[in-house]
Amino acid sequence: MRNVYKLSLRLITTLSLLGLPGLHAQTKPLIEKWLDGEVKANYGKVTYDGPPIAMKFSTFVAPQTAMGKLQQRTFDRLKEDTNGKIVMTPYFGSTLANAQRGAFDAVSQGIADFGTCYVLFNPGGFKLFLGLQLPYIFENSMQSSSVAQELYPKYLKKEYEARDVYLLHVNTTQPQQILTSRRPVNKLEDMKGKKVWAPGALSQELAQSLGSSPSNVQSSEIYTAFQSGVVDAVPMHDAGTKLFRLIEVAKYRTVANMWINPTEQCLNKSTWEKLPKDLKTVFYHWAQLTNIAEAQLYYDNESIEALAEMNKKGIKSTVLSEQELNRWRKASQPVVDKFISSMTAEGLPAKDFYNEMQRLQRKYKAMTPDQITQTLLDKPIPGIIDF
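A quick note: this is a predicted structure, and the numbers were derived from the prediction, not measured.

**What about helix 3 (residues 66-81)?**
Each turn of an α-helix holds 3.6 residues, which means side chains three or four residues apart point in the same direction.
Here is step 1 of the chain: Counted at 1.5 Å a residue, the expected span for helix 3 with its 16 residues is 22 Å, and the 23 Å between its end C-alpha atoms agrees.
Here is step 2 of the chain: On its buried face, helix 3 sits against helix 2 (30-35), strand 1 (53-58), strand 2 (86-91), strand 3 (114-116), strand 10 (262-267) and helix 10 (277-312).

Right, dumping it as structure tokens:
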């Protein structure tokens, strides 16, 4: 069954690249069934009988995007699963607060109850967390998102909570591919001298290791920066080409499968502490299923649609050979080695973290999305928030 699933996914992607109709999943994904209320999570019973508890959610994502629509579906599920006792009001497009570089402050101060709090845009104080971007480990978002969630309690929790928030969930993009608008990237030498968008210190070092000059503009500005030539190349997960409208500018796409970008949601501590115990149990469990919904239905599945649209628009895709990819891996390895040695010198278990990340990648690679979902439907990962 697992091999059939993998073969089907490869076929879908290949057909999309060729501009042929995709063989979309014949069976409704288990996570979609959960969203639609067709299967239930193993929640505890909701006994709270007080008035509904209103929460404010802050994000830079626009409501009409695929991610915005998916997030609204998860909020509807939360309301139903808590018998109408947790009611979410989303503030899309940073209409409540700056949901990018000011996100941690907005949530910790209670302007928002929870929201998108990306370490990449607010890296101050983070160390080992940045290692989630170490390159050439993951193949898709289901793998990397599942690994990030499992690693968090043991390795990353202390530094995240030092920002005076709780982590609600952490998923990731797919590996980054390279978009260009003037010349294609066919080999490592084609990266030399290019101004490359690279959010986060580690991705900047990785861009430099490939001979490029990194630029750290906000994601909300990346369309204009790419269009105007402020940046020459944009490493971007495929679903992001639609989210950030880069599909309108790009002419070439290079499949380099580089680093992933973690995308976290943080939660106001007071908001959490005030929740009744039974609602905490449901909210905590719901958050982990939401994490998987975003990983599978947005980052992984939306990438298939994005590939088809890029092909339709005439964007030319180049798949680097394994031999060429090995050159890229070799060029970036000093960045990996430096990260591990510098974190170890600070007393952090960087080598163990890196090895565990690779081990867990193999674990989740051997599971289908439905198997991952079923595991979380039965029981969430403990320790992300202590209660």
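**Brief notes about the nonpolar core**
Here is step 1 of the chain: Of all hydrophobic cores here, the largest spans 121 residues; its most connected members are Tyr160, Phe283, Trp286, Trp328 and Met357.
Here is step 2 of the chain: The leading source of residues in this core is helix 10, at 16 residues.

**Details of the pairing of strand 10**
Here is step 1 of the chain: Most of strand 10 sits inside the fold, with six of its six residues counted as buried.
Here is step 2 of the chain: The pairing of strand 4 (residues 166-172) with strand 10 spans six bridges and is classified as antiparallel. Each residue of the ladder has a partner; that of Tyr166, found in strand 10, is Leu267.

**Focus on the packing of helix 3 against helix 10**
Here is step 1 of the chain: Taken N-terminus to C-terminus, the directions of helix 3 and helix 10 make an angle of 155 degrees; their axes are 10 Å apart at the nearest point. Relative to helix 10, the element helix 3 is oriented roughly antiparallel. Relative to helix 10, helix 3 is oriented so that their crossing is right-handed. Between helix 3 and helix 10, the residues in contact are Ala66, Met67, Leu70, Gln71, Thr74, Phe75, Arg77, Leu78 and Asp81 and Val282, Phe283, Trp286, Thr290, Ala293, Glu294, Leu297, Tyr298, Tyr299 and Glu302, respectively.

**Focus: helix 10**
Here is step 1 of the chain: Between the first and last C-alpha of helix 10 there are 51 Å, a value that for 36 residues agrees with the 52 Å anticipated at 1.5 Å per step.
Here is step 2 of the chain: At Glu302, helix 10 shows its largest bend, some 35 degrees.
Here is step 3 of the chain: Just downstream of helix 10, Gly314 is the residue with a positive phi angle, here 85 degrees.

About the criteria used
- Residues numbered from 1 in each chain as written.
- Predicted model: local features only at pLDDT ≥ 70, side-chain atom pairs only at ≥ 80, totals over all residues.
- Heavy atoms only, no water.
- Helix = DSSP H or I, 4+ residues; strand = E, 2+ residues; numbered from the N terminus.
- Expected span 1.5 Å × (residues − 1).
- Contact = heavy atoms within 4.5 Å.
- Core = buried A, V, L, I, M, F, W, Y, C linked by side-chain atoms within 4.5 Å.
- Buried < 20%, exposed > 50% of the residue type's maximum accessible area, 1.4 Å probe, protein only.
- Pairing = 2+ DSSP bridges.
- Axes fitted to C-alpha atoms, helices over the stretch in contact; angles between N-to-C directions.
- Parallel < 35°, antiparallel > 145°, perpendicular 65-115°, else oblique.
- Left-handed = near helix turned anticlockwise from the far one by under 90°.
- Bend = angle between axes of the 7 residues up to and from the residue.

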